[in-house]
Every structure is written in C-alpha cells, then in structure tokens.
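# Architecture at a glance
Read off the chains here:
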Amino acid sequence: MCNPEETALLQLEETFSATLARIDSLVLQPLLLATPEPSDPWGRECLRLLQQLHRSSQKLWEVTEESLHSLQERLSHPDAIGLETLLLLRGADHVLQVHMEYLESYTSCVVVQAFQKIAKRRSEYGQKQRKVLRQFLSDMSLEGTAGPTLVEALRQPLTHHMQQYVLLLLSLGDTIKERHPARELVVHAATLFGNLQSFMRQALDQAVATQALWPTLSSRLRDVLCSPAHRLLQDSQDIPVTVSPLRAQRVLLFDDTLVLLQGHHVHTFDLKLVWVDPGQDGCTFQVLTPEEEFSFCAKDPQGRVVWQWKVTQAVSQALRGKKDFSVLGAGLEPPEPPACRCVEYTFRMEGRLCQATYEGEWCRGRPHGKGTLKWPDGRNHVGDFCQGLEHGYSTDEVYKGYFQEGLRHGFGVLESALQAPQPYKYTGHWERGQRSGYGVGEDGDRGERYIGMWQADQRHGLGVVVTQAGVCYQGSFQADKIVGPGVLLSEDDLLYEGSVTRDLNLVGKGKVTFPNGFTLEGSFSNGAGRGLQTQGVLDTAALPPDPSSIRKRQLGLGAFPVESRWQGVYGPFRDFVRASCPGDLQEALLGFHTQSSRELRKSQEYLCCQRTHPKDSKSSIEDILEELLRHQEPKALQPYLRKALSNSLHPLGKLLRTLTLTFQATYAGVGANKHLQGLAQEEVKQHAQELWAAYKGLLQVALQRKGQALEEEEDAETRDLRVHGLVLPLILSSFYPELFTLYLLLHEKEDSLYSQGITNLSLFPDTKLLEFLDVQKHLWPLKDLTLTTNQRHSLVRNKCFLSATECLQKIVTTVDPREKLEVLERTYGEIEATVSRVLGREHKLPMDDLLPLLIYVVSRARIQHLGAEIHLIRDMMDPMNTGGLYDFLLTALESCYEHIQKEDMRLYRLPSRWGSRDRW
C-alpha cells in the first residue's frame, strides 16, 4: 500500500514539471530568441547568464521527470517496487545538486540585473508576455516593469515547490515505522531539502542585497567590483565599522573577497588568505593578511560580533571552495577556519618579495611549511618556510639546498639565472650563507671549473682548476688566489710543475716535461703581446715515458679524502637514521626531488579544504621499513635494492639522486678531463659504501621498531663484498655516462690505434684472417660457411665464429661489470663449442690456440672504445673475481686489445708466433 504523501508527491512533481516546461517554452526561449546578439561586454555577459539559466532549467526539468517516473512506477506497483526506489530518496544528493545549480544560475542573473537589461533591450517583450507571466505569479501586481516581474515569475514556483517538498517528506517520515528499510532515506532527504530551503532563502536575500549595492557605487567602482559571482554578505553602511590604519570609507564583505574602499582606490583581499583574531576589547577584532594587518572597530559589541561572525563564516566558506550547508546555515558559531592553509599569492608591496608569487602552506598570514616562491626575474625557491623566511631545504633555479634561519647552510647548489650576464654555478657545502668546505664552482664566463676547498665564499685550500681547453691544474689557494707551486697537465700530456698566474699561464720557476720525455727547467714569464718566455735548461736525453705512467698522472687524489667530500649530503641522512627515521624529518631528505608546485598543492589540499587526507610521511616511512624487513634474504635483497634505488620517493633513491647530481656537477661538461678519472672512480666506490651503510642503518631502525635483535656489525671483508658485488653494480648506471667519458678520454690514444687495427683486419676475408692470425687450420669452422654458386671459401667474410662474435658484441649493452664478464665467459664458451663441433669431439682450447681465435672474434665484433671498456671493468669488478676465471678471461681480452694495437696488425705484417712474452 502507498501512503497519501506519495500521491501528493506525485501531484507535486507533475505540477512542477509542467511549470518548468511552460517557463522554458513561454518565458526563457522567447526571451533568448527575441534578444539579438549584444555588442557591449555586459550585454554579452547577461546573454551568457540567461543561456546558462536555460540549460540548468532544462536539467532541473529532466530530473523532475525522472522523479515523477519513479513515483508513477511505485504507485502502479506498490507491492513489487519499494519506497526506497524513489529518486527523491535514493538519489537525494543528485536532485539536490541540480537544484543548487539552477539556484546559482538564477541568482547570478539577479545579481547583475540580467532580466531587467535584456527586457529593456526588447521593450515589446514585456508587453507581449504579461499574460504569460501572470500564470506563474499568485500575489504580485503586473503594473511594474518586465524585469522585476520576470525575477518573481522564476522565483515563486521554485520556492513553493521546495516548501512543499519539505512538508511532504517530513509527513512521510512520520508515517513510516522506525525499522522500515526506507526510513533513513526519508529522514536524510527531508534533512537535505530542509537545509536547501534555508539556504535558498539566504541565497536569494544575498543576491537581492548585491543587486541593490551596485547603484550606490560610482561607475568606476562598479566596473571593478560588479561580477555575477559576487554575493554581498555585509556592508559597513548597514552596520558601521572603522578600519585602521587604512581609514577605509566603506567596507564590503563578499563571499570570496574583503573590500576596503578609500576614495577611488579599491583594496581587495582574498578571503582564503584572511585570518581573524579576537580583539582586546569588546568592540575590536584583528584581520591578518599576507602583507597588512587591520583593526576592525565597531560602534558597539553587537556590531563587532556580527562583523567578526560574518568574516569568519566567509573565510570558512571560501576555503571550502563551495557553498556548504554547515557553513551557510543559521548556526550561532561558524566553524573555525584552519590556521594552516595552502594558497597562491603574489606580493604587491615594495620589499624583498615584491612581485614574487608564493604557492604553498601559510600560517596566520605568513608562508610557513612547504611552498614555492618565484620572482619575475627567474629566481625560484621551493622548500621549507618558517614565519615568512626560507628555512630547511630549498629548491630553485638560483639556489637549491638547505637553509638554516634563512641562510644557506649545509649542502646546496647556487646557479645564476639563465639571463645572467656572468653565468656561474656552485655545488657544495655552505656555512651561514657562505660557501665553505668542499665544493665545485663553475665560471661560465671564463670557461673553467674549480674543484676543491672553500672558505668564506672564496677558494681557499687545496683545489683543482679545469678549463675548456683541457688544461688541469692542482695547487693551493688562499683568499681566492693561487699561492705557491702546483701541477699543471695539458690535454696533450704536457706536465708542468711550478707557479702559474690566475689565467694558468706559466710564471716564475718551474719544470716542463714534454710528452716525448724531454724536460725544460728554468724561469718562465708572460709579457703582454710577447707570449711565453723562458730561461732554463732543455734536457733531450730522457727516453719517452711509458704510456701507462702517463695515464697515472691523476689530479685530486689524496688532496681531498674521498670519505669527507660530500658529508653535507650524507649528514642529513645519518641524522635521519640516528633519530629512528621520524616522519617529519623525512621531508629534509626530499632534496632536489621535492614535488612540483602542483603536486605540492594537491598533497597539501587538506590543510585548507579538508577534503582528502593523503598518506602522511609517518605512514610512508613505516611502509618502507616494513618492506625492508620482508626483503632481508640474499635472493630478495638485490631486487629490493634495485627497486629502492630507482624510486625517487624512497630515502635510498633520494640519496642516490643527490649524489648523481654532485657527480654530474663535477665531471660533466668542463669537468670531463682525463686527469680526473681516478678522482671520479674512487668517488663512485665511496658512494656505493655510503649507500650500503645507509641501507644497514635503515635496517637497524626497522629491527628496533619491531623489537627484534639488532644485527651484529659486519667485518670489513663482508662489507666490501656487499658493496662491490651488490650495491656498486646497481648504482653504476647513475654515474656511467660521466665516468665512461673519463675512461674514453684517458684511453683515447690506445683506442685510436686499436681502431686502426680493427679497420685493417676487417679487410681480410675469414680464411685469410685466420691464416694471418696463425690459427691452426684444423680449427677453422669451414663447415659453417654456406657458399653460393661460384663462391670460394677465400672470399667469405664475417661468417666464421659468428655466434661468438654476436655474443661478444653484447658486452656494450650493459653497464654492470659482472654482466660484462659473463658476456666474455659466454663468448669463450661459444668459441670452444664451435671448435668442438668442427673436431667432432669436446675440446678444451690451450692458451696458444685461444688467443688468436679470440683476436679473430674481437676483430669481427668491432667493439668501439674497447680499451675504455676493459679498464672500467677491471677497476669496478668485484674483488672476489681477482685470480679466477673472469680475471683470466679479462686478461686474455686485454692481451688481444694490445696485440691489435701493434704495428704489424695495423700494417698487414705477419706477427711473430705467440710466445711466452705475451701477456696472460
């Protein structure tokens, strides 16, 4: 059985649907059709608002029809269709939203008098529609103009309909038993529409008050303030209030803006950045904004209560970003706005922040927490703020690093703006706002880079200067000047030991060792226009130095202990671990990989609108430690570390990325100098040790939090095996481009000779090359050669030992030294497998047979920069492989590399038999 209230609801929906249809066909559509396209901006805006009202009216009619249909179905089949199927109950929130959209469109038209302006343009419209409008009005005379009549004709059906909704839903709720499945839905719907009814009255009153405001303002002020989105909440002409120190003549509180009028000047304040403080007496309260503070003083305590209540209510609504019943309802106490918010603001007053835009967290009118500060000239600071000052860690185009009390302190990067006339960059340590400690400074104007010690913003102590011309100098610096003798190496391996000028010109006493071994010792000078002059002794009796001894001329080694170079990067991580990884301190590890401004705003959205609470940092570190405990076993450890190091949100990944940045700042670009290869190599190994120590520190914290026994401290041998066998291969790819470039430069001459040998050997057909290399004929894989018609074995090229050749070519597809050695091992296996197939039995190659076959495979693989590859593998491979199979195979490959460089290989001469002098 159906309740009488359901029948009444059906009749109500039928009436409202028919009314909406008539309003659309008899009022809105004729009004839009009768209106030509306006030429002025306000006319076009009014037409747009009417079109929006028409669309929302259509949407309201559609949802009313859906509700009507659900009621008809219910009344036709009361036993089969339950009360809870009614759209008004199961879709109350959706129905409410559609009503809200219609109300918003209608009140926007009221605020800017859109009905009056459109009707005024078509005066005949009002005369024709008077009888039509009478259908929708019950208690209004039609003697007035068409504009107000239209306003009332669209308002009355809506307010009457909503009033009846609430009455019928309340009555329906009274007739339903407590345990009825639809009772909660009915109560919820009645509450929603009751709130909507109250909100509707308030919204209509605000729209009418806002409409009445515009005629009281001058045309200039009206042009600035008039907007369909504005709703006037309070006017100082209604309840007087004075504002100091500004002495505003009039105060207007809109739903999104606080406006202070002072003559023809308009001061506007975004309510999202307004804080309200109770005053010291009963008539005063304080208003805080990012750049100004005001005192609002009413004539009596009642006026102060109204203004303070209205401003607080408006701030809460603006922060929520939507009209909310809990805010706009008739409660005595509005909800207290949060003290911390996340908003964007551009500073306007003169000072350090003038024209700078801040986007991030605020607290009581000051940037406080995470944020982004951008200046028009390109400067940019992203990081922590404390009471309006930069604090903690920052990231920007000019400075990226840690702050302490507003000063650069700890590790950071200082880089000039793109348009700076003298570009520069500094990566290193800071102390109280000055460069101090180990750092890398690059002077783009001079084209040189300084690597070494700093003090009080100047180069001070041991340092290395690298220039774009390939010159590399190591010496002592004091107060930014070179003092005493030093060592200078040129790109062509010239060595100078002595004093130099600021521009690295030779001066005073010194000794030059030329690449051919000759030496020149004496005094040097550089005169203007005269070039280099010298007086000394030239010694031509010395023999040319061994190439390996020249390669050992490396700068920086021993000058800067590797374990102390980047303590500003390791230090914050160690502090984080020592403090048992607290969630709030984890933010200090964000470093250069902090979220973008948009991500930051999204993640902190809950501070101002309380919509969603993202996972906090405490739970994040808990998840990381939990996962770490689950992957302690050797088989699971390597995949876990690979995943952690590649994740920019994981503490280990953050640490690796910052170390990568320091490595690039040191050895990329100008720093790509072969005389720094040793410095870079030991730095990579040190980073691997520090990352392993960081992992062990996190593991200890995870075990401690779980109350489990802490691991015993591992011995040096075990640690080295873990570092070289586990961590180093995982991180090498992050440093590989810069590191391998240094190896390329260091072994450029040998690789050039090797390349000539490969080019010459590639001209040989397979059988000729095997014969030239003195490979025994019974080992030639002629069975593998497929000949075409009239083709001879002596003409076939690149077919013998093809599987071994293709296998060796894969050595350049990985950066992991172990994987490169595994490729070499498989290549050796392919050579033996091919020989065994040729002989028809398993055959182990003796050393005398292996070397020429391996030279053949290397020459056919045509691997570029093989010398750089070999030496990088040798330097970075696991020490456990020393003396084993991998070491033997790598030595054999080195021997092939050296043989191919020999003159007889490059000039087609038959080499001597492989003897005991050959290196194995």
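Further up the page is the structure itself.
Our subject in this report is the structure included herewith. (Residues numbered from 1 in each chain as written. Predicted model: local features only at pLDDT ≥ 70, side-chain atom pairs only at ≥ 80, totals over all residues. Heavy atoms only, no water.)

A few words now on the overall build of the protein. Across its full length, the protein holds 28 helices and 25 strands. Counting every position in the protein, which comprises 920 residues, the buried fraction comes to 51%. Taking the contacts inside the protein whose residues are at least 6 apart along the sequence as the reference set, 56% of them involve residues at least 24 apart. When the accessible surface of the protein is summed, it comes to about 43,500 Å², and 51% of that surface belongs to carbon and sulfur atoms. (Helix = DSSP H or I, 4+ residues; strand = E, 2+ residues; numbered from the N terminus. Buried < 20%, exposed > 50% of the residue type's maximum accessible area, 1.4 Å probe, protein only. Contact = heavy atoms within 4.5 Å. Areas by Shrake-Rupley, 256 points an atom, 1.4 Å probe, with all protein chains shown as cover.)

A full pass over the atoms with the stated rule returns 29 salt bridges. Arg578 is paired through a salt bridge with Asp575; the nearest N and O atoms lie 2.6 Å apart. Taken together, the residues span about one helical turn, with Arg578 and Asp575 both in helix H13 (residues 567-578) at a distance of three residues. Linked by salt bridges that have partners in common, Arg446, Glu448, Arg502 and Asp503 make up one network. (Salt bridge = Lys/Arg side-chain N within 4 Å of Asp/Glu carboxyl O.)

Turning next to the sheet that holds strand E8 (residues 293-298). Judged by pairing direction, the sheet is antiparallel, and its four strands sit side by side in the order E2-E8-E7-E6 without closing on themselves. Two strands bound the open sheet, and with one partner strand each, they are strand E2 (241-244) and strand E6 (275-278). Geometrically, the sheet is characterised by an average inter-axis angle of 25 degrees between neighbouring strands, direction not taken into account. Where strand E7 (residues 284-288) meets E8, five bridges bridge the pair, whose relative direction is antiparallel. (Pairing = 2+ DSSP bridges. Axes fitted to C-alpha atoms, helices over the stretch in contact; angles between N-to-C directions.)

Strand pairs in the sheet, formed through backbone hydrogen bonds, run parallel or antiparallel to each other. Strand order across the open sheet formed by four strands is E1-E3-E4-E5, with antiparallel pairing between neighbours. Each end of this open sheet is capped by a strand with a single partner; those strands are strand E1 (232-235) and strand E5 (265-270). Strand-to-strand twist of the sheet, defined as the mean angle between neighbouring strand axes without regard to direction, takes the value 20 degrees. Relative to E5, strand E4 (residues 257-262) runs antiparallel, the two being bridged by six bridges. Residue pairing in the sheet places Val259 in a bridge with Thr268 of E5. Of the strands in this sheet, E1 and strand E3 (250-254) are in contact with helix H8 (residues 183-213), which crosses E1 at around 55 degrees.

This part takes up the side chain of Gln234. Tracing the sequence through the fold places Gln234 in strand E1. Among the polar contacts listed, one links the side chain of Gln234 to the side chain of Lys310, at a separation of 2.9 Å. If we skip the residues at most four places from it in the chain, Gln234 touches Ile239, Val251, Leu252, Leu253, Val306, Trp307 and Lys310. (Polar contact = N/O pair within 3.5 Å; in protein donor to acceptor, adjacent residues only side chain to side chain.)

Now for the packing of aromatic side chains. Tallied over the full model, the rule gives 26 aromatic pairs. Measuring from ring centre to ring centre gives 6.2 Å for Trp214 and Phe254, while their planes differ by 15 degrees; the resulting arrangement is stacked. Here Trp214 is found in the loop between H8 and helix H9 (219-225), whereas its partner Phe254 is found in strand E3, with 40 residues between them in sequence. Here Trp214 matches Phe254 in class, with each residue buried. Relative to Trp362, the ring of Phe347 lies with its centre 6.1 Å away and its plane at 35 degrees, an arrangement referred to as tilted. Taken together, the residues span a long stretch of sequence, with Phe347 in the loop between strand E9 (340-346) and strand E10 (357-363) and Trp362 in strand E10 at a distance of 15 residues. (Phe/Tyr/Trp six-rings, centres within 6.5 Å; stacked < 30°, edge-to-face > 60°.)

Let us look at the pairing of strand E21 (residues 481-489). Pairing of strand E20 (residues 472-478) with E21, which is carried by six bridges, proceeds in the antiparallel orientation. Residue pairing for E21: Gln478 is matched across the bridge by Lys481. Between E20 and E21, which pair antiparallel one after the other, the connecting turn spans two residues, and Ala479 there sits at a positive phi close to 55 degrees. Bridge count between E21 and strand E22 (residues 495-500): four bridges; the pairing is antiparallel. By the bridge assignment, Leu488 is partnered in E22 with Tyr496.

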